[in-house]
Amino acid sequence: MAKKDYYEVLGVNRDASDEEIKKAYRKLAMKHHPDRNPDNPKSEAQFKEAKEAYETLSDSQKRAAYDQHGHAAFEGGMGGGPFGAGGAQGFDFSDIFGDIFGGGRGAGRGERSNVQRGADLRYNLEITLEQAARGTETQIRVPTMAECETCHGSGAKPGTSPTPCTTCGGHGQVRMQQGFFSIQQTCPRCHGTGKMIASPCKDCSGNGRIKQHKTLSIKIPPGVDNDDRIRLAGEGEHGVNGGPPGDLYVVIHIKPHAVFQRDHNDLHCEMPISFSIAALGGSIDIPTLDGVATIKIPAETQSGKIFRLRGKGIKGVRSSSHGDLHCHVAVETPVNLTARQQELLREFESINDKDSERHNPRAKSWMDKVKDFFAG
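As the structure is a prediction and not an experimental result, all values here were calculated from the model. (Residues numbered from 1 in each chain as written. Predicted model: local features only at pLDDT ≥ 70, side-chain atom pairs only at ≥ 80, totals over all residues. Heavy atoms only, no water.)

Colleague: What's the story with the nonpolar core in this structure? I'm lost.
Modeller: A general trend in soluble globular proteins is that nonpolar side chains are found buried together. Met271, Ile286 and Ile295 are the most contacted members of the largest nonpolar core, which has 36 residues in total. Here Ile295 is in contact with Met271, Gly282, Ser283, Ile284, Ile286, Phe307, Leu309 and Cys327, once residues within four sequence places are set aside. Counting residues in hydrophobic clusters, the runner-up holds 19 residues, among them Tyr6, Leu10, Tyr54 and Leu57. (Core = buried A, V, L, I, M, F, W, Y, C linked by side-chain atoms within 4.5 Å. Buried < 20%, exposed > 50% of the residue type's maximum accessible area, 1.4 Å probe, protein only. Contact = heavy atoms within 4.5 Å.)

Colleague: Mind showing me how you'd approach the sheet that holds strand E11 (residues 266-274) here?
Modeller: Within a sheet, each strand pairs with its neighbour through backbone hydrogen bonds, oriented either parallel or antiparallel. What the 4 strands build is an open sheet, ordered E10-E11-E15-E14; its pairing is mixed. Two strands close off the open sheet at either side, each with one partner strand: strand E10 (261-263) and strand E14 (306-309). Neighbouring strand axes in the sheet, compared pairwise and without regard to direction, differ in orientation by 30° on average. Pairing of E11 with strand E15 (residues 325-332), which is carried by 8 bridges, proceeds in the parallel orientation. Across the sheet, the residue bridging to Glu270 is His328, located in E15. (Pairing = 2+ DSSP bridges. Helix = DSSP H or I, 4+ residues; strand = E, 2+ residues; numbered from the N terminus. Axes fitted to C-alpha atoms, helices over the stretch in contact; angles between N-to-C directions.)

Colleague: When you look at the packing of aromatic side chains in this model, what are you seeing that I'm missing?
Modeller: Centre-to-centre distance and the angle between the planes together describe a pair of aromatic rings. In this structure the tally under the stated criterion is 4 aromatic pairs. Consider the rings of Tyr7 and Tyr66, whose centres lie 6.1 Å apart with planes at 45°: the pair is tilted. One end of the pair, Tyr7, is in helix H1 (residues 6-10); the other, Tyr66, is in helix H4 (residues 60-69), with 59 residues separating them in the sequence. You'll find Tyr7 and Tyr66 in the same group, each marked buried. Aromatic pair Phe275 and Phe348: ring centres 6.1 Å apart, planes at 80°, arrangement edge-to-face. (Phe/Tyr/Trp six-rings, centres within 6.5 Å; stacked < 30°, edge-to-face > 60°.)

Colleague: Any chance you could explain H4 here in plain terms?
Modeller: Side chains of residues three or four places apart in an α-helix project in the same direction, reflecting 3.6 residues per turn. Listed as buried for H4 are Lys62, Arg63 and Tyr66. The arc that holds every buried residue of H4, seen down its axis, measures 100°, which confines them to one face. Turned more than 90 degrees away from the buried face of H4 sit Ser60, Gln61 and Gln68, all of them exposed. The backbone nitrogen of Gln61 has a side-chain oxygen 3.0 Å away, supplied by the residue at the start of H4, namely Asp59. Looking at the residues trailing H4, positive phi occurs at Gly70, about 70°. (Arc of directions from axis to C-beta. Polar contact = N/O pair within 3.5 Å; in protein donor to acceptor, adjacent residues only side chain to side chain.)

Colleague: Would you explain the sheet that holds strand E1 (residues 121-127) in this entry?
Modeller: If you trace the 3 strands from one edge of the open sheet to the other, you get E1-E9-E8, paired in mixed fashion. The outermost strands of the open sheet, each flanked by one partner alone, are E1 and strand E8 (229-232). Strand-to-strand, the axes of this sheet are offset by a mean angle of 25°, without reference to chain direction. Pairing of E8 with strand E9 (residues 248-254) involves 4 bridges; the strand directions are antiparallel. Counted as the bridge partner of Leu232 is Leu248 from E9.

Interpretation note: all reported values are geometric properties and have no functional meaning in isolation.
See below:
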């Protein structure tokens, strides 16, 4: 079957500029690329057809021969093969596929910068609830990778210098030809550094960096909560080949408290009271983060009742007001009773049984529900 006209394949005029030809091919390559159309023989054929047309029209000498002789310019002995001298293997796709598939290029064709930003670090900091509520300032000791002072980060023994990698020519990348594509990948010899070190520095073993510890002062703002992060810019690992350092993220963890449990900006605590106070009423002192507060317990208070003290919680980092303190009542059953206490309680129970419905309404309600359950 006769081949289509290359200009027709790309959808451009015969007087199209090099940029128009490249743009047309880029559009077709993106549309029909095999990676985007798996198991589609038609798209694969259209991709190959567009590639063949671009190989010819993007080369000024091949295009001139094609304009004069058409496809015959590359048949027989005129062009040295279907794609002219060198064939498809001599074609470099980096200009096209670097743009389409995100490869990009660095300072120049075939080069990639070896400068790398240092890694970010995480530090878990445990603080007390009081420190979280009020804020504090503390010091932390952080392990980090710093530039070797002996070789100044070069990795080479003092008095010597690294030499360009002979495999990649100092670029850190090598080009591999696979089928239709020219693929750029990390140099297997220098592992992307672009250099070779004949005499490594004895202090860093040629890495250019050594492990150190540094002490940092950190301010904890009032109101921080569990898993809040504080970012210390530039306090992460040192960069590679002159790259900027990473950041340090301090993650807050609040220690369990003996009295309070935190729920966002609110605090909760259990408040044990005696049987007599629950029945007769009274006053008790409870702790808060700001000191002692007094709560009046009304007579006939039941276990589980919650008393709320407004504004006695925590003011969060992003809050405009304080949370509340919730005190959960727990009526405590007395233990280790003396003979006299037992005698008094039996006397109380005897009197109570004479009118139990009046004195124990909840028990009466519960027993009625039990009777209904068994009756049903």
